[in-house]
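In case you want the letters, here they are:
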Amino acid sequence: MASLKLTTPPEPMEGKDKFDGKGIETYKRWFRNAEETHQKARSLAHRDRDWYDNYDDGQWDEREKQILIRRGQPVVTMNRIKRKVNFLCGIEQKSRSDPKAYPRKPQNTDQAQVATDVLDYIENTVRFDNVASASFKSLCIEGIAAVDVCYEEGEGAAGIVAKEIDYDQFFYDPRSRRPDYSDARYLGYHNWYDLDDALAMFPDNEEAAAALKGSLAGETTDEGYDDKPRFRWGDAERQRVRLACMYWKDAKGEWNYVYFAGGGIIEEGPSKYLNDKGRTDCPIIAASAYVTRENERYGTVRDMISPQSEMNYRRSMALFLMKNRRVWSAAGVFNPDQNIKEEIARADAHIIANGQFGTEWGFIESQSEVAQNFELLQDAKGEIDVQGPNAGLQGRGVEQQSGRAIQAQQNAGLAEENTLFDTHNDWKLRVYRAFWARAKQFWTEEMFIRISDEDAPGGARFTPVNASPQSAMMAQQPPQPMQGQPQQPPQPMGVPGMGMGPQPAMPPMPQMGGMPDMMAMMGGMGQMGMPGMEPPKVNALAEMDVDIVIEAAPDMLTLQHEQFEQLADMAGKGVPIPPDVLLEASQIKNKKKLIERMKQEMDASAKLQQAGQQIEQMQKQIETMGKQLADAQMQAMMPKPTDPVAMMKAQNDQAKLQLEARKADRDDALAQATIQNTNAGLALIDAQVTKTQADAYKAVEDANRPPPAPKAPPKG
């Protein structure tokens, strides 16, 4: 049930000292019109819910059950409505997708990531997936889904909550025709409360106490039409009162709220909630599956009731005809004291007849009627089976078909329900945008939201919101081991001889949510002592401008499995398919990490191969230098000239040759050592690559291995 109490009263609108409302009689008239206009639709919606639940064979009313019992006819139900609705709910759960924020301007890229983190945090904290699934179920059965996205201090994700509104408690403008209620003048919800609980919602409020207690004065009722009952607001005997909350739109398009009971107005004023445009907003977000020309809302169950009813009748009648035999006779054939009907129904029946069988008495043949009932029963089954999910979509009868054929059947089965899923996705998008609007409006203090991230240290990261630059810096630093606290920045030593002690290192500047770093630096300077300047907040939500969208992707699991099998078959036949391609096509968990590891190993192998080529070039250079050294030694062994000048020149040449020889020996030793180290590294990396490929192939084989056959039970 949605909350019926605002945490804090809204501030008066600018330029208005007193709120100009519509008056209690107008509010009660709107509520009464909504209840009376939708009385028929609500009755049918209750019937739809009963047919879905089928508690105690609820698809048969009591009058029909009594008739079947008197006939001796079985009360049989085959509830396919529940199976259909549950399957649609399963499709909705499998196709869940998270919201994502996109920047409206190129400089707002960092803001979009922060907004995405905020929405992810709110969604997980308020457990919106459960609320959305329950609302989708109501959308399928009653045809209406409604939720109240409000703010309550100390509740949920820093105060933001999403409370589902029950179908019976929701009321709306009878003239609204659109599925998203965007043309409704007012929306609201109500419920019955014990008087003490209702008074506790509005403590120290004399007007509220008078209005609530006034609802019990003479069991306050409103006059209805001639053909409608009087509308009750209180129950004096049980000390219970009806309390209503309503949001209504004025002539300027602004939303206002009011709490009222039968005895008067409890609280009213402009809506405390704002949208992303800064205008007052209605926190009640509703959607309907289908709308009739009379503005009545209904769900997908409504079309299944007729074939489901025929299935129940046909099967019950067929079983009755197969079990019972009907007899015909001439007058006086059977003894009047003998109850022939009861006797025939017995398994050991003994019939005494005073006439010839076949001419004076006999049995009425019912095989043709049984066959006709079973034929019509199959037609009814076929009619309800083709509505919504078909056999292919449910995974039945597609064992010998390809993945593309299965996907085609699944798309055909969901095509009839596209309107239903589009309505639900649009409703979720409006809820996510309301989450973002509430966060921008009410999250004004510094806070840090925790986001699960496998790549972050410890599997989580913290996003600062409305934080000071110093707090944002500390949040972005990794936690210290065994403490969980942000590490202090490194402390470099002072410069010797300069008389300086240890100086703190300048930490990196945090993300400013799209604001220039220069502004952050100026803000920091202002905090250090420059008057008139305050440091800007990091990731100030109120200043962000993003678009919220939902990325809905089709289920490609079957097609992906088929493509992987084809690639694996090609690889088994000798086609050179890289291992990373096989991993990308597989369904192995954490395959991205395996692919990244393989790419790193392949890069290392490429670098090692390049180093080998360089070593080979160095070996060639060493061989060339060796030949040059040998030639120089040969020249040195030749007879030396007797000319003193020539002798000095020869000595200089010999010294140069010796110097080059020593240098060549040193380079040769260095090259040999480099070759040995490189060969050792190459062998180690080659072993790592071989092990990684083996692990990847084994993981692929394990992921696609059929489950083991169940063990036979032990004998004896």
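Because the structure is a prediction, the values reported are computed rather than measured.

J.: Would you mind showing me how to read the overall build of the protein chain here?
T.: The helix and strand inventory of the protein chain stands at 19 helices and 19 strands. By the burial criterion, 38% of the 716 residues in the protein chain qualify as buried. Considering only residue pairs separated by 6 or more positions, the protein chain has 68% of its internal contacts joining residues 24 or more positions apart. When the accessible area of the protein chain is evaluated, it comes to approximately 42200 Å², of which 52% is carbon and sulfur surface.

J.: Just checking my understanding: could you explain the nonpolar core for this structure?
T.: Looking at soluble globular proteins, one finds that nonpolar side chains tend to be buried together. In this structure, Val118, Phe128, Phe170 and Phe435 are the most contacted members of the largest nonpolar core, which totals 70 residues. Considering each element in turn, this core owes the most residues, nine residues, to helix 13 (residues 418–442). Not counting the four nearest positions on each side in its chain, Phe170 is found in contact with Arg42, Ile144, Ala146, Ile165, Tyr181, Leu187, Gly188, Tyr189, Ile284 and Ala286. Ranked by size, the runner-up nonpolar core spans 20 residues in total, among them Met304, Met311, Leu420 and Phe421.

J.: Mind showing me how you'd approach the packing of helix 2 (residues 39–53) against helix 4 (residues 80–94) here?
T.: A pair of packed helices is captured by two measures, namely the crossing angle of their axes and the spacing between those axes. Interaxial distance between helix 2 and helix 4 falls to 7 Å at its minimum, and their mutual angle equals 95°. Classified by the angle their axes make, helix 2 and helix 4 are roughly perpendicular. Across the interface between the two elements, Trp51, Tyr52 and Asp53 from helix 2 touch Ile81, Lys82, Val85 and Asn86 from helix 4. A breakdown of the residues in the contact of helix 2 with helix 4 according to their chemical character gives four nonpolar, one polar and two charged.

J.: Just to check I follow, could you spell out the sheet that holds strand 3 (residues 160–164) for this structure?
T.: Hydrogen bonds between backbone atoms are what pair the strands of a sheet, whose relative direction is either parallel or antiparallel. If you walk across this open sheet you meet the three strands as 3-2-12, and the pairing is antiparallel. Every other strand in the sheet has two partners, leaving strand 3 and strand 12 (284–288) as the edge strands with one partner each. Across the sheet, the mean angle separating the axes of adjacent strands is 20° when strand polarity is ignored. Where helix 13 meets the sheet, it contacts strand 2 (144–151), strand 3 and strand 12, and its direction lies at approximately 175° from that of strand 12.

J.: So what exactly am I meant to see when it comes to the pairing of strand 2 here?
T.: Consecutive side chains along a regular strand alternate between the two faces of the sheet. Of all the eight residues making up strand 2, eight are buried; the element is thus mostly covered by neighbouring parts of the structure. Side chains Ile144, Ala146, Asp148 and Cys150 of strand 2 all project onto a buried face; the interleaved residues Ala145, Val147, Val149 and Tyr151 project onto the opposite face, where all are buried too. The sheet contact formed by strand 2 and strand 12 spans five bridges and is antiparallel. Bridge pairing in strand 12 links Ile144 to Ser288. Direction of pairing for strand 2 relative to strand 3: antiparallel, over a ladder of five bridges. Within strand 3, the position partnered with Val147 by the bridge is Glu164.

J.: Explanation requested: the packing of helix 6 (residues 128–141) against helix 13 in the structure shown.
T.: Taken N-terminus to C-terminus, the directions of helix 6 and helix 13 make an angle of 145°; their axes are 11 Å apart at the nearest point. As helix 6 packs across helix 13, the resulting crossing turns out to be right-handed. On helix 13, the residues touching Phe128, Ala132, Ser135, Phe136, Leu139 and Cys140 of helix 6 are Leu420, Phe421, Thr423, His424, Trp427, Lys428, Val431, Tyr432 and Phe435. Looking at the contact of helix 6 with helix 13 residue by residue, the class counts come to 11 nonpolar, three polar and one charged.

J.: Could you clarify how one ought to interpret the packing of aromatic side chains in this entry?
T.: Each aromatic ring pair is summarised here by two numbers: the centre-to-centre distance and the angle between the ring planes. Tallying each qualifying case throughout the model produces 24 aromatic pairs. Ring centres 6.2 Å apart and planes at 45° place the aromatic pair Tyr27 and Trp248 in the tilted group. Placement of the pair is Tyr27 in helix 1 (residues 24–37) and Trp248 in strand 9 (residues 240–249), with a sequence separation of 221 residues. Like Tyr27, the residue Trp248 is buried in the burial classification. A ring pair is formed by Phe31 and Phe171, whose centres lie 4.6 Å apart and whose planes are at 65°; its orientation type is edge-to-face. Placement of the pair is Phe31 in helix 1 and Phe171 in strand 4 (residues 170–172), with a sequence separation of 140 residues. Look at Phe31 and you get buried, because its relative accessible area is 0%. Put simply, the rings of Phe19, Tyr27, Trp30, Phe31, Phe171, Tyr186, Trp233, Trp248 and Phe260 pair up and form one aromatic cluster.

J.: Explain the pattern of salt bridges here, please?
T.: Under the criterion given, the structure shown has 16 salt bridges. Across the salt bridge formed by Glu142 and Arg49, the nearest N and O atoms sit 2.8 Å from each other. Of this pair, Glu142 sits in the loop between helix 6 and strand 2 while Arg49 sits in helix 2, and the two are 93 residues apart along the sequence. Linking Arg430 and Asp426 is a salt bridge whose minimum nitrogen-to-oxygen distance equals 3.2 Å. You can see Arg430 and its partner Asp426 sitting in helix 13, four residues apart, about one turn around the helix. Arg430 sits in the partly exposed class, given a relative accessible area of 23%. Beyond isolated ion pairs, a larger network of salt bridges with shared partners links Arg104, Asp276, Asp545 and Asp547.

J.: It is not clear to me how the side chain of Thr280 should be interpreted in this structure. Could you clarify?
T.: Examined against the element boundaries, Thr280 turns out to sit in the loop between strand 11 (264–270) and strand 12. Assessed through its relative accessible area of 11%, Thr280 is described here as buried. A distance of 2.4 Å separates a polar atom in the side chain of Thr280 from a polar atom in the side chain of Glu254. For Thr280, the side chain forms a polar contact with the main-chain nitrogen of Trp255, separated by 2.8 Å.

J.: Looking at this structure, how should I read the side chain of Asn312?
T.: Relative to the assigned elements, Asn312 resides in helix 9 (residues 305–323). Since its relative accessible area comes to 3%, Asn312 is described here as buried. For Asn312, the side chain forms a polar contact with the main-chain nitrogen of Met78, separated by 3.5 Å. Apart from residues no more than four positions distant in its own chain, Asn312 is found in contact with Trp51, Gln59, Trp60, Val76, Thr77 and Met78.

J.: Sorry if this is basic, but what is going on with the environment of Gly159 here?
T.: Tracing the backbone through its elements, the reader meets Gly159 in the loop between strand 2 and strand 3. The spacing of Gly159 and Val126 is 33 residues in sequence and 9.7 Å in space, taken between C-alpha atoms. Discounting residues that sit within four places of it in the chain, Gly159 has contacts with Cys150, Tyr151 and Glu152.

J.: How should I be thinking about helix 6 in this particular structure?
T.: Here helix 6 spans 20 Å end to end across 14 residues, near enough to the 20 Å set by a 1.5 Å rise per residue. Burial of helix 6 is extensive: 10 of the 14 residues sit out of reach of the surface. Among all positions of helix 6, only Phe128, Val131, Ala132, Ser133, Ser135, Phe136, Ser138, Leu139, Cys140 and Ile141 are buried. Just beyond helix 6, the residue with positive phi is Gly143, at close to 95°.

J.: Would you mind showing me how to read the environment of Met474 here?
T.: Position of Met474 relative to the elements: it lies in helix 14 (residues 469–476). Placed 10 residues apart in sequence, Met474 and Pro464 show a C-alpha to C-alpha distance of 9.9 Å.

J.: Explanation requested: the confidence of the model for the protein chain in the structure shown.
T.: Close inspection of predicted coordinates is inappropriate for parts of the model with low pLDDT. Residues of the protein chain with pLDDT of at least 70 account for 67%, and the chain-wide mean is 75. This stretch, residues 6–10, has a pLDDT under 50; its non-local contacts, to residues over four places away or in other chains, come to 15 contacts. Low pLDDT (under 50) marks residues 553–558, which in the prediction has six contacts with non-local residues, meaning those over four places away or in another chain.

J.: How do you make sense of unusual backbone geometry when you look at a structure like this?
T.: Both trends apply: most residues other than glycine have a negative phi, and most peptide bonds are in trans. A positive phi angle, close to 55°, is found at Asp204, a residue other than glycine. By the element assignment, Asp204 lies in the loop between helix 7 (195–201) and helix 8 (206–214). Given the relative accessible area of 84%, Asp204 is considered exposed.

Parameters at a glance
- Residues numbered from 1 in each chain as written.
- Predicted model: local features only at pLDDT ≥ 70, side-chain atom pairs only at ≥ 80, totals over all residues.
- Heavy atoms only, no water.
- Helix = DSSP H or I, 4+ residues; strand = E, 2+ residues; numbered from the N terminus.
- Buried < 20%, exposed > 50% of the residue type's maximum accessible area, 1.4 Å probe, protein only.
- Contact = heavy atoms within 4.5 Å.
- Areas by Shrake-Rupley, 256 points an atom, 1.4 Å probe, with all protein chains shown as cover.
- Core = buried A, V, L, I, M, F, W, Y, C linked by side-chain atoms within 4.5 Å.
- Axes fitted to C-alpha atoms, helices over the stretch in contact; angles between N-to-C directions.
- Parallel < 35°, antiparallel > 145°, perpendicular 65-115°, else oblique.
- Nonpolar A, V, L, I, M, F, W, Y, C, P; charged D, E, K, R; others polar.
- Pairing = 2+ DSSP bridges.
- Left-handed = near helix turned anticlockwise from the far one by under 90°.
- Phe/Tyr/Trp six-rings, centres within 6.5 Å; stacked < 30°, edge-to-face > 60°.
- Salt bridge = Lys/Arg side-chain N within 4 Å of Asp/Glu carboxyl O.
- Polar contact = N/O pair within 3.5 Å; in protein donor to acceptor, adjacent residues only side chain to side chain.
- Expected span 1.5 Å × (residues − 1).
- pLDDT = per-residue confidence, 0-100.

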